[in-house]
Amino acid sequence: MRKYGLEMGIGIVIVALVFLQTLGINVLPFVMLAAIAGGVFYVSRGKGKLTAMSSGGGRKTVKPSSFTFDQIGGQERAKQELIEALDFLVKKEQIEKLGIRPLKGILLAGPPGTGKTLLAKAAAQYTDSVYMAASGSEFVEMYVGVGAGRIRDLFKEARAKAKKEKKSSAVIFIDEIEVIGGKRDGGQHREYDQTLNQLLTEMDGIHSNESPRILIIAATNRKEMLDSALLRPGRFDRHIGVELPDKKGRLHILRIHAANKPIDAAVDLTGIAEQTYSFSGAQLESVMNEAAIYAMRDNADTLTSGHLHMAIDKVMLGEKTDKETSAEERKRVALHELGHAIMAELVRPGSVSQVALSPRGGALGFVRHQPQQDQYLYTTGFLHGQIMIALGGAAAEEMFYGERSTGSRGDFDQAVGIVKTLVESGLTDAGIIDSSMMTPDKWSKITTDILDSLMAKTKEMLDSRRGVFDHALQTLLDEENVGGDEFRALLSSYNAA
Ligand code: ATP
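Just so we're clear, the structure is a prediction, and the values are computed from it rather than from any experiment.

Novice: Can you break down the overall build of the protein residue by residue, with the values?
Specialist: Helices and strands together make up the secondary structure of the protein, namely 19 helices and 8 strands. In the protein, which comprises 497 residues, the proportion classed as buried is 41%. Considering only intrachain contacts with a sequence separation of at least 6, the fraction spanning at least 24 residues in the protein is 76%. Total accessible area on the protein stands at roughly 26,800 Å², and carbon and sulfur atoms take up 56% of it.

Here it is as structure tokens:
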């Protein structure tokens with residue numbers, strides 16, 4: 001009702017004025033008075049808005065009271081390191097007694113969706129602090145000085161909020177710190193420089209005996225971009241890596257997000273954790289959520305393995321699309337996918353788990369590989385094999401059509417990415433080199449040399465197995481989805497024949 005109070009008031013005043021006018025009373029003085037009152041009211045409301053804008057626009061403060069470290073899966077090492085760092089805030093007397101310099105900033109660095117925001121929220125809960133969150137991009141404005149003003153306001157607000165809530169400390173979380181804390185390059189971005197300078201000034205102004213104490217937690221996916229002034233001791237001097245979860249971590253995260261969902265008793269979450277190699281926490285949360293949506297579509301009471309597998313495909317490859325492809329295009333896609341799958345079985349026997357012709361996301365078909373063991377070291381042979389699997393699709397198209405199509409773009413991106421890893425790890429003929437010193441020409445030559453020689457090898461290996469393509473093509477066109485075991489049976493029946 002309150003929402004409409006103003007409108008109703010204006011309506012009543014207008015009706016009253018019209019009524020007075022009909023009675024022959026001069027309403028002009030009333031109208032002028034109303035206009036002046038309205039103006040004063042508008043300005044006072046507008047002013048309120050202006051202050052809110054300059055203090056950070058869409059910034060949110062979140063009550064972290066219910067968010068704890070237990071609700072964060074995996075990340076055991078990051079949690080441990082963070083808790084140790086936070087003890088500087090919790091064990092105040094000991095810190096003072098030993099004369100330890102207060103910790104002002106903690107930097108969480110790692111890929112997107114790994115739980116950096118969650119860690120900051122849990123940190124606020126652990127230290128019983130007020131929590132304020134902002135993102136680097138909120139401080140970027142066209143006008144010099146506005147970003148710096150917002151930083152000042154953020155610190156002021158955090159202190160005021162902590163005092164109001166009678167807390168002795170406040171945690172300020174700044175996501176995407178690289179937006180304001182990128183390396184300074186001599187004054188081209190004065191606005192960015194001023195914002196960063198203001199942040200440094202605010203951090204320098206934090207003292208151990210001040211109340212409330214402020215702790216800044218910043219997050220970034222691009223630590224290498226940060227200005228060294230931010231990273232030096234006394235500023236963000238604790239750096240905690242928040243990496244993609246390993247299998248145990250993935251299982252933990254899946255269990256956390258399964259807790260509020262009815263999971264079928266036959267579901268093997270360990271198997272799901274194996275199949276979600278290289279997924280981030282956010283992707284695992286999405287797998288659980290999408291599986292629940294599939295269960296709802298099926299009118300099912302529980303989430304089954306089928307729902308979870310469909311959800312993994314969706315998160316990995318995108319939603320199924322109903323792109324209509326011509327028979328000729330479908331055949332090309334089938335040969336392309338067979339190229340990947342046959343190559344995968346040659347390089348790593350038993351590795352194919354599904355060959356599919358159904359369009360998904362941007363792809364018209366895909367090959368799913370058996371879950372990989374968590375692996376952190378790769379040999380040259382392994383990486384060459386990965387490149388050959390990626391090139392298998394284009395090689396097959398060349399074999400059967402004499403030319404490639406645009407369908408190999410993603411495969412080439414993947415292959416070039418692996419070449420980069422090879423070069424940076426000193427695994428090429430160029431030897432151990434500083435890749436940042438390499439000219440674009442040198443990069444181009446190394447990449448072309450490696451890819452050309454592996455493409456030739458791929459074609460040679462596939463060409464000697466032309467018959468396998470003919471043998472498996474019709475089955476794939478008819479069935480659309482061929483499972484790993486069925487595919488291997490097709491290969492061995494061909495070999496036997
Ligand atoms: P970005 O770098 O993109 O800001 P982030 O690292 O801050 O990402 P969060 O915002 O913390 O990631 O995570 C996004 C969502 O993913 C969370 O709300 C949560 O549902 C899920 N998630 C991510 N990591 C974990 C984890 N370790 N345990 C449980 N859930 C997680």
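Novice: Describe in detail the sheet that holds strand β1 (residues 105-109), supporting the description with residues and values.
Specialist: With parallel pairing, 5 strands are arranged side by side in an open sheet as β2-β3-β4-β1-β5. Edge strands, defined here as strands with exactly one partner in the open sheet, are β2 (130-135) and β5 (236-241). Each strand of the sheet is rotated relative to its neighbour by a mean of 20°, with strand direction disregarded. Bridge analysis of β1 against β5 gives 5 bridges, and the strand direction is parallel. Bridged to Ile-106 within β5 is Arg-238. Sheet strands in contact with helix α3 (residues 76-90) are β1, β4 (213-220) and β5, and its direction is about 155° off that of β5.

Novice: Kindly report on the side chain of Lys-261, identifying the contributing residues and their values.
Specialist: Mapped onto the secondary structure, Lys-261 falls in the loop between α10 (247-258) and α11 (269-275). Within the local environment of Lys-261, its side chain forms a polar contact with the backbone oxygen of His-257, the two atoms lying 2.9 Å apart. Setting aside its immediate chain neighbours within four residues, Lys-261 contacts Met-288, Asn-289, Ala-292 and Leu-303.

Novice: Provide a residue-level description of the nonpolar core, including the pertinent values.
Specialist: If you look at the biggest cluster of nonpolar residues, it comprises 44 residues, and the most contacted ones within it are Leu-338, Ile-342, Ile-387, Phe-469 and Phe-487. At the level of elements, α14 (327-347), β6 (352-356), α15 (380-401), α16 (409-424), α17 (440-463), α18 (466-479) and α19 (484-496) are the ones that each hand at least two residues to this core. No other element matches α15, which puts 10 residues into this core.

Novice: Now, about the site of the ligand: what can you tell me, with residues and values included?
Specialist: Taken together, 18 residues are adjacent to the ligand, and Gly-73, Gly-113, Lys-116, Thr-117 and His-257 come closest. Thr-114 places a polar main-chain atom, nitrogen or oxygen, 3.1 Å from an oxygen atom of the ligand. Between an oxygen atom of the ligand and a main-chain N or O atom of Leu-118, the distance comes to 3.2 Å. Secondary-structure elements contributing two or more residues to the shell around the ligand are α5 (116-126), α10 and α12 (281-297). Partitioned by chemical class, the residues of the shell around the ligand number 5 nonpolar, 10 polar and 3 charged. Of the domains in this structure, domain 2 (69-241) and domain 3 (247-317) are the two that each give at least three residues to the shell around the ligand.

Novice: Before we move on, could you go through the packing of aromatic side chains and cite the residues and values that matter?
Specialist: Aromatic rings in a pair are described by how distant their centres are and how their planes are angled relative to each other. Scanning the entire structure with this criterion turns up 3 aromatic pairs. On the numbers, 6.0 Å between centres and 65° between planes, the contact of Phe-69 with Tyr-126 is edge-to-face. Within this pair, whereas Phe-69 is found in the loop between α2 (28-54) and α3, its partner Tyr-126 is found in helix α5, the two being separated by 57 residues in sequence. Above the ring of Tyr-401, the side-chain terminus of Arg-332 is found at 4.2 Å from the ring centroid. The side chain of Arg-466 reaches across the aromatic face of Phe-400, ending 5.1 Å from its centre.

Novice: Describe in detail the sheet that holds strand β8 (residues 481-483), supporting the description with residues and values.
Specialist: Reading across from one edge, β7-β6-β8 is the order of the 3 strands in this open sheet, with antiparallel pairing throughout. Across the chains shown, the open sheet's two edge strands, defined by having one partner strand only, are β7 (366-369) and β8. Each strand of the sheet is rotated relative to its neighbour by a mean of 15°, with strand direction disregarded. Bridge count between β6 and β8: 3 bridges; the pairing is antiparallel. Its bridge partner being in β8, Ala-356 is matched across the sheet by Asn-481. Along the sheet face, α19 touches β6 and β8 and points at about 85° away from the line of β8.

Here is what the cut-offs are and how they apply
- Think of each chain on its own: its residues are numbered from 1, step by step along the sequence as written.
- Selection of residues for local features in this predicted model requires a pLDDT of at least 70, selection of side-chain atom pairs for listing and counting requires 80 or more, and totals for whole chains, interfaces and linings are taken over all residues.
- Derived side-chain values reflect all non-hydrogen atoms in the structure, with water molecules and hydrogen atoms excluded from consideration.
- Numbering of helices and strands runs from the N terminus; a helix is a DSSP stretch of H or I covering at least four residues, while a strand is a stretch of E covering at least two.
- Under the scheme applied here, a residue whose accessible area is under 20% of the maximum for its type counts as buried, over 50% as exposed, and between as partly exposed, the area being computed with a 1.4 Å probe on protein chains only.
- Residue contacts are defined here by distance: any two heavy atoms, one from each residue, within 4.5 Å place the two residues in contact.
- Surface exposure here means Shrake-Rupley accessible area, sampled with a 1.4 Å probe, where a residue is shielded only by the protein chains that are shown.
- Any two strands are treated as partners once DSSP identifies two or more bridges connecting them.
- Orientation is described by axes fitted as lines to C-alpha atoms, over the contacting stretch for helices, and by angles from 0 to 180 degrees between their N-to-C directions.
- Distance and chemistry together define a polar contact, namely a pair of N or O atoms within 3.5 Å, with one atom able to donate a hydrogen and the other to accept it when in protein, and with adjacent residues in sequence counting only for side-chain atoms on both sides.
- Joining through side-chain atoms within 4.5 Å is the link that ties buried Ala, Val, Leu, Ile, Met, Phe, Trp, Tyr and Cys residues into a set, and such a set is a nonpolar core.
- Summary of the distance rule: residues count as near a molecule or strand when at least one heavy atom falls within 4 Å of that molecule or strand.
- Think of it as three bins: nonpolar holds Ala, Val, Leu, Ile, Met, Phe, Trp, Tyr, Cys and Pro, charged holds Asp, Glu, Lys and Arg, and polar takes everything else, Gly as well.
- Start and end points for every domain follow an automatic or database-based domain assignment.
- Ring geometry is summarised as follows: Phe, Tyr and Trp rings, the Trp one being its six-membered ring, pair when their centres sit within 6.5 Å, and such pairs are stacked at plane angles under 30 degrees, edge-to-face over 60 and tilted between the two.
- Should the NZ of a Lys or the CZ of an Arg lie within 6 Å of a ring centre and within 35 degrees of the ring normal, that charge is described as sitting over the ring.

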